[in-house]
Amino acid sequence: MTDTIYALSSGALPAGVAVLRISGPKALDAAAALVGPLPEQRKAVLRTVRDAQGQMIDQALVLVFQAPASFTGEDCVELHLHGSRAVVAAVYRALEALPGLRLAEAGEFTRRAFENGKRDLVEAEALADLVASETEMQRRLAVEQSFGGQSALYMEWAQRLTKARALIEAELDFADEEDVPGSVSDQVWAEVGDLYLEVEQHLAEAKAGEIIRDGYKVAIVGPPNAGKSSLLNALAKRDVAIVTDIAGTTRDVLHVDLDIDGYLVRFFDTAGIRETDDVVEREGVRRAKDTLEQADLVLLLQEIDSDPQQFAVTGDAEVLKVGTKLDQHVHRTAYDLCISTKTGDGLDKLRDLIATKVKQTWSGGLVPGRQRHVHYLKEASHFIQDALNGTELDVRAENLRGAATSLGRITGRVDVEELLGVIFSQFCIGK
Ligand SMILES: Nc1nc2c(ncn2[C@@H]2O[C@H](COP(=O)(O)OP(=O)(O)OP(=O)(O)O)[C@@H](O)[C@H]2O)c(=O)[nH]1
Ligand SMILES: [K+]
Ligand SMILES: [Mg+2]
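Only a predicted model underlies this, so the values are computations on that prediction, with no experimental measurement involved.

Student: Please give an account of the overall build of the chain that cites residues and values.
Tutor: When you go through the chain residue by residue, the secondary structure sums to 14 helices and 12 strands. Computed over C-alpha atoms, the radius of gyration of the chain comes to 29 Å, more than 25% over the 22 Å expected from 2.2 N^0.38 for 431 residues, which places it beyond the range of a compact globule. The long-range fraction of contacts in the chain, counting pairs at least 24 apart against all pairs at least 6 apart in sequence, stands at 58%.

Structure below.
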């Protein structure tokens, strides 16, 4: 029999309330052992929680969810206890003493929800993202993927592919017979071609998902003493980086995460880029160049009126030229923007500019949320491409099956053969 599992589902203790969740075949018995007769399901009732000796542990709200109408799809009980470490420890001890019960492993409730068909993989991952979300956009993306149409989109694509395959296979089977229309296949391949474009378009938005989840990466680069670390500190509003008038102060890459208009933006302060014999500084410069290449946006800092920088900016990130120490110079048009960290001049404008840029990265629609999704989407796309370019009809059909299977792996739900049954029941070839 499946173990019955329990764990704290709410946050760190102490807290006003601690929600302890019990799930599995013995959940109801276990809860009854602690609180006596259980309330009617889905009705919160106050009960006294006692240990096996009858000693009172706490008073708690008890909520019963009977299978399958629960988060995990199993019998579930929630105890809303007072959120103290000692209360929770005492309840854990009481539960541990019951046969067939054990503490849940990380993610085990959600895993059971998946196994019992309550959520697919995309929804389960998105739920984890939602719980971990810190910015408004991370929340929105997670909600979109958890309860929006992400899974339905992949399911629909798999369905279209499977239908196309069924039609192609039908043509193979009935090729010699007169009663099958000569070329449904032109139409089928045109539709597969449309689908290919849709998948590619969706894949092209993978970057947006990555930026929302992992942050929009802004590299602060430039020659030594340009004021890079001063800018990082000004943005962070605290002394994160060491600032001195010695050129070559920063060596390690330092970063600060900011929430700008609901987006996670990660600023990286780097070593001033220059030729140097100093081994440590040279490593710093190498890291600075690395950071530059991986950035979504580069802030190229330079003191106004100083000699133009001597290094090439590589990578495909957009570059903003920022003139620094505006308090000591007059504004020059050679820069996209001029700032002074001393007076704060231009900093709001810089922030606004970055906000505008990061907002352009996601329009709020469905985008691949994770590397795992991107992997299978690319796999599906390759299969579709091979199907479109192939010559042997049976090989082409097999590629269509491969593509549908890849899509099915994203949600972990789409059983291609099952889909085939659904589709075949809708048409009447060979009837
Ligand atoms: N007047 C003025 N001085 C500034 C400003 N920003 C930075 N400085 C000064 O310029 C010097 C270098 O500043 P940093 O922030 O350390 O420059 P950096 O680009 O990080 O330098 P490295 O890490 O050595 O590459 C320090 O003495 C700062 O006080 C500014 O806006 N106005
Ligand atoms: K410096
Ligand atoms: Mg510095």
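Student: Residues and numbers for the site of ligand 1, please.
Tutor: Lining the immediate environment of ligand 1, one finds 23 residues, of which Gly 227, Ser 229, Ser 230, Thr 250 and Gly 272 sit closest. Here the residues of the shell around ligand 1 sort into five nonpolar, 13 polar and five charged.

Student: So, the UniProt feature "binding site: K(+)" (unreviewed entry) in the chain: which residues are in play, and what are the values?
Tutor: Taken from the UniProt record, the annotation "binding site: K(+)" (unreviewed entry) applies to Asn 225, Thr 244, Ile 246 and Thr 249. Spatially, the listed residues are clustered: although they cover 25 residues, their C-alpha atoms lie within 8.2 Å of one another. Tracing the sequence through the fold places Thr 244 in the loop between helix H9 (228-236) and strand S8 (254-260). Looking at where Thr 249 falls in the secondary structure, it is placed in the loop between H9 and S8. Taking the number of C-beta atoms within 10 Å as the measure of exposure, Thr 249 has 18 and is therefore partly exposed. Setting aside anything within four residues of it in sequence, one finds Thr 249 in contact with Ser 229, Ile 242, Val 243 and Thr 244.

Student: Quick rundown of the sheet that holds strand S1 (residues 4-8)? Include the residues and the values.
Tutor: Pairing within the open sheet is mixed, and its six strands lie in the order S3-S4-S5-S2-S1-S6. Of all strands in the sheet, those with a lone pairing partner are strand S3 (45-50) and strand S6 (101-103), marking the two edges. The mean angle between the axes of side-by-side strands here comes to 30 degrees, regardless of whether they run parallel or antiparallel. Direction of pairing for S1 relative to S6: parallel, over a ladder of three bridges. Following the sheet pairing, Tyr 6 is matched in S6 by Leu 103. The strands touched by helix H1 (residues 27-35) within the sheet are S1, strand S2 (15-23), S3, strand S4 (56-65), strand S5 (76-83) and S6, with S3 carrying the most contacts at an inclination of about 75 degrees.

Student: Just give me the short version of helix H4 (residues 121-132), but keep the residues and values in it.
Tutor: In a regular helix each residue adds 1.5 Å, so 12 residues correspond to 16 Å; H4 covers 17 Å between its end C-alpha atoms and thus fits that length. Turning to H4, its buried residues are Val 122, Glu 123, Glu 125, Ala 126 and Asp 129. Viewed along the axis of H4, the buried residues span an arc of 160 degrees, placing them on a single side of the element. Looking at H4, the residues exposed on the side facing more than 90 degrees away from the buried face are Val 131 and Ala 132.

Student: Account for the pairing of strand S9 (residues 263-269), naming residues and giving values.
Tutor: Within S9, six of the seven residues are buried, leaving the element largely enclosed by the surrounding structure. Note: strand S7 (residues 216-221) against S9, five bridges, orientation parallel. In the sheet register, Ile 220 faces S9, and the bridge partner there is Asp 269. Turn length for the S8-S9 hairpin, with the two strands adjacent in sequence and antiparallel, is two residues, and the turn residue Asp 261 shows positive phi of about 50 degrees.

Student: Can you lay out the domain arrangement of the chain for me, pointing to particular residues and giving the numbers?
Tutor: Domain assignment breaks the chain into domain 1 (4-115), domain 2 (152-205 + 368-424) and domain 3 (213-359). A straight line from the C-alpha centre of domain 1 to that of domain 2 covers 45 Å.

Student: Describe the packing of helix H3 (residues 108-115) against H4, naming the residues involved and giving the relevant values.
Tutor: Running from amino to carboxyl end, H3 crosses H4 at an angle of 160 degrees, the nearest separation of the two axes being 10 Å. In this view, H3 runs roughly antiparallel relative to H4, as classed from their interaxial angle. Helix-helix and strand crossings are classified by hand; for H3 and H4 the assignment is right-handed. Across the interface between the two elements, Thr 110, Ala 113 and Phe 114 of H3 pack against Leu 121, Ala 124 and Leu 127 of H4. Of the residues belonging to the contact of H3 with H4, the class tally is five nonpolar, one polar and no charged.

Student: For the nonpolar core, give the residues involved together with the corresponding values.
Tutor: Ranked by internal contacts, the top residues of the largest apolar core, which has 64 residues, are Val 218, Ala 219, Ile 220, Val 221 and Ala 403. No other element matches helix H6 (residues 150-173), which puts nine residues into this core. Two domains each donate at least three residues to this core, and these are domain 2 (152-205 + 368-424) and domain 3 (213-359). Beyond its immediate stretch of four places on either side in the chain, Val 221 contacts Thr 270, Ile 273, Ala 288, Leu 292, Val 298, Leu 300 and Leu 301. Residues Val 62, Val 87, Ala 113 and Phe 114 belong to the second largest nonpolar core, which totals 33 residues.

Student: Can you break down the confidence of the model for the chain residue by residue, with the values?
Tutor: The predicted coordinates should not be examined in detail at positions where pLDDT is low. Counting all residues, the mean pLDDT for the chain is 92, and 93% of those residues have values of 70 or more. Confidence metrics for the complex model read pTM 0.86 and ipTM 0.99.

Student: Would you mind going over the sheet that holds S9 in detail, with residue names and values included?
Tutor: Pairing is mixed in the open sheet, where six strands are placed in the order S8-S9-S7-S10-S11-S12. Pairing within the sheet leaves two strands with one partner each, and these edge strands are S8 and strand S12 (337-338). Pairing geometry for S7 and strand S10 (residues 297-303), over four bridges, is parallel. The residue of S10 that forms the bridge with Ala 219 is Val 298. On the sheet, helix H10 (residues 279-294) packs against S7, S9 and S10 and is oriented at approximately 140 degrees with respect to S7.

What counts, and where the lines are drawn
- Residues numbered from 1 in each chain as written.
- Chains lettered and ligands numbered in written order.
- Predicted model: local features only at pLDDT ≥ 70, side-chain atom pairs only at ≥ 80, totals over all residues.
- Helix = DSSP H or I, 4+ residues; strand = E, 2+ residues; numbered from the N terminus.
- Rg over C-alpha atoms; globule rule 2.2 N^0.38 Å.
- Contact = placed C-beta atoms within 7 Å.
- Near = placed C-beta within 6 Å.
- Nonpolar A, V, L, I, M, F, W, Y, C, P; charged D, E, K, R; others polar.
- UniProt positions renumbered as here; feature names shortened; annotations may be inferred.
- Buried ≥ 20, exposed ≤ 12 C-beta atoms within 10 Å, placed from the backbone.
- Pairing = 2+ DSSP bridges.
- Axes fitted to C-alpha atoms, helices over the stretch in contact; angles between N-to-C directions.
- Expected span 1.5 Å × (residues − 1).
- Arc of directions from axis to C-beta.
- Domains from an automatic or database assignment.
- Parallel < 35°, antiparallel > 145°, perpendicular 65-115°, else oblique.
- Left-handed = near helix turned anticlockwise from the far one by under 90°.
- Core = buried A, V, L, I, M, F, W, Y, C linked by C-beta atoms within 7 Å.
- pLDDT = per-residue confidence, 0-100.

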